[in-house]
Amino acid sequence: MQQGLILKNLSRYKIGTWAEVIYRNALFYPDSEAFICGSERITFSQFNARVNKLVHALYSLGLKKGDVIGILSWNCLEYVEIYGAGMKGGFIVSPFNPRLGQEELKKIIDHSGTITLFVDQELGELVGSLRPHLFRIKNVISLGDSLPGMIAYTELVRSHSSEEPDILVEEDDPLCIIYTSGTTGLPRGALYSHRRFMEDTKIRVMHMGIKAGDKHVQISPLFHIGGNTAFRAFLYVGGSNVIMKSFDPVETLRTIQDEKATHMEIVPTHLIAMLNAPDVDKYDLSSIKMMWYAASPMPLEVLKKGIQVFGPIFAQGYGQTESGPNLCHLTKEEHAVFSTVREERKRLLSVGRPCMGVHVRIVDEAGNDVKPGEVGEIIAKGKHIMEGYWHERDGSREAIINDWLYTGDMGYYDERGYIYIVDRKKDM
């Protein structure tokens with residue numbers, strides 16, 4: 001990087017790519033903390049350098065642009081570096097859920113076409129048993145000490161350059177395959193490009209009001225679309241991510257206090273656990289300014305108690321793996337209705353209204369729009385919707401019709417456009 005030519009340097013990567021975001025942060029916020037994980041704290045400049053070293057290391061192993069790299073791990077610092085290597089190195093990153101059974105993992109790792117697999121050290125034995133059945137895997141990299149038949153991550157990157165890789169990354173290059181939860185069968189891989197993840201991130205940043213210097217507690221898993229979009233949002237603006245390996249209510253409260261965290265993404269069970277933690281009132285939680293919840297409805301009594309403890313900081317999101325995920329948003333202001341008329345309180349049972357830049361309709365079996373109060377399937381359109389299912393042309397055609405994603409969620413809407421989820425169309 002040439003000293004004094006910051007504006008020329010900024011134009012190195014194409015606008016609209018995640019390579020440009022990582023590099024821009026290193027130029028403009030070099031000494032600001034990008035990621036905190038346990039005792040490790042790295043700046044944006046350090047993150048950029050570490051990502052570069054990993055990109056060079058992977059190319060030295062024979063990987064090329066467009067190859068799939070997989071991750072089977074719990075949240076850790078290396079996880080975001082691997083995402084970063086995909087962003088700057090032109091690889092397609094596919095994260096896998098460690099909670100899946102061996103047979104499911106074997107199928108989706110093989111389906112993804114993963115060439116190189118990064119593995120949490122705790123999961124080494126599991127991968128060892130799967131390895132004979134994963135015929136496409138050429139390299140397995142252990143995120144920790146070296147394990148039999150695996151390359152140690154630290155050893156892999158140690159000797160490689162931190163200089164910028166000479167790789168042209170485009171907006172429409174594929175970036176990530178995220179597998180669905182598989183509620184209607186075997187998990188399917190939702191494919192996203194740089195452009196689509198960028199569009200989704202802009203939606204999240206706007207609705208969460210995130211800016212440079214904000215600090216997010218990352219308790220949601222990075223293999224999930226929810227954890228992925230939260231990580232991206234704070235990376236995009238030059239904010240910090242405090243990565244927690246797993247959720248512990250007391251440790252989370254302590255982290256909010258000690259790190260002066262400003263944002264969290266939770267599910268209702270997280271809030272219940274924190275509210276039931278011993279001496280919850282003793283923690284200084286005044287820094288937190290938004291808790292974004294999703295995945296399931298928040299019980300109203302839990303929400304009321306949450307507002308008493310944390311303040312009026314709650315907002316809700318709705319989406320799915322195939323939708324980026326951001327489809328609908330119920331704002332903080334729309335949560336402040338406990339003292340108002342019953343009709344307004346009912347909106348807390350909704351998932352809000354469509355996000356900016358997103359169109360949502362509710363249709364019957366013939367594709368006709370239903371009237372307010374009538375149940376139908378929720379369909380959505382946006383520039384952030386997945387490209388389609390990885391290696392499933394027929395499934396993609398069924399899911400996306402005339403640019404509308406058929407979510408499989410059944411619901412209805414009211415006269416003001418608030419959407420209420422009822423059930424899954426094909427729930428197993």
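In what follows, the structure referred to is the one given above.
A short tour of the structure in this document, coming up.

### Looking at the overall build of the protein
(1) Moving on: A tally of regular secondary structure across the protein gives 15 helices and 22 strands.
(2) Moving on: Radius of gyration (C-alpha) of the protein: 22 Å, near the 22 Å computed for a compact globule of 428 residues.
(3) Moving on: By principal-axis analysis of the C-alpha atoms, the protein measures approximately 65 × 55 × 45 Å.
(4) Moving on: Taken over 428 residues, the protein has a buried fraction of 55%.
(5) Moving on: Taking all contacts inside the protein whose residues are at least 6 apart in sequence as the whole, residues at least 24 apart take part in 69%.
(6) Moving on: Of the roughly 18400 Å² of accessible surface on the protein, a fraction of 50% belongs to carbon and sulfur atoms.
(7) Moving on: Of the charged side chains in the protein, 48 are positive and 54 negative, and the gap between their average positions amounts to 2 Å.

### So, the pattern of salt bridges
(1) Moving on: What the rule picks out here adds up to 25 salt bridges.
(2) Moving on: Across the pair glutamate 170 and lysine 14 runs a salt bridge, and its minimum N-O distance is 2.7 Å. Pair noted here: glutamate 170 is in the loop between helix 7 (153-158) and strand 8 (174-179) and lysine 14 is in the loop between helix 1 (6-10) and helix 2 (18-28), with a separation of 156 residues, a long-range link.
(3) Moving on: Classification of glutamate 170 as partly exposed rests on a relative accessible area of 27%.
(4) Moving on: Overall, the relative accessible area of 39% leaves lysine 14 in the partly exposed class.
(5) Moving on: Between arginine 158 and glutamate 155 there is a salt bridge, with the nearest N and O atoms lying 2.7 Å from each other. Placement of both arginine 158 and glutamate 155 in helix 7 is noted, with a separation of three residues, approximately one turn of the helix.
(6) Moving on: The exposure class assigned to arginine 158 is exposed, which follows from its relative accessible area of 53%.
(7) Moving on: Since its relative accessible area comes to 48%, glutamate 155 is described here as partly exposed.

### Regarding the sheet that holds strand 13 (residues 290-293)
(1) Moving on: Strands sit in the order 2-1-11-10-12-13-14-15-16 across an open sheet of nine strands; the sheet is mixed. Sheet topology places strand 2 (40-43) and strand 16 (353-354) at the edges, where each strand pairs with a single neighbour.
(2) Moving on: Sheet contacts for helix 3 (residues 44-60): strand 1 (33-37) and strand 2; angle to strand 2, the most-contacted strand, approximately 90°.

Rules used throughout
- Residues numbered from 1 in each chain as written.
- Predicted model: local features only at pLDDT ≥ 70, side-chain atom pairs only at ≥ 80, totals over all residues.
- Heavy atoms only, no water.
- Helix = DSSP H or I, 4+ residues; strand = E, 2+ residues; numbered from the N terminus.
- Rg over C-alpha atoms; globule rule 2.2 N^0.38 Å.
- Buried < 20%, exposed > 50% of the residue type's maximum accessible area, 1.4 Å probe, protein only.
- Contact = heavy atoms within 4.5 Å.
- Areas by Shrake-Rupley, 256 points an atom, 1.4 Å probe, with all protein chains shown as cover.
- Lys, Arg positive; Asp, Glu negative; His and termini not counted.
- Charge placed at Lys NZ, Arg CZ, Asp CG, Glu CD.
- Salt bridge = Lys/Arg side-chain N within 4 Å of Asp/Glu carboxyl O.
- Pairing = 2+ DSSP bridges.
- Axes fitted to C-alpha atoms, helices over the stretch in contact; angles between N-to-C directions.

None of the figures reported here should be taken as evidence of function without further support.
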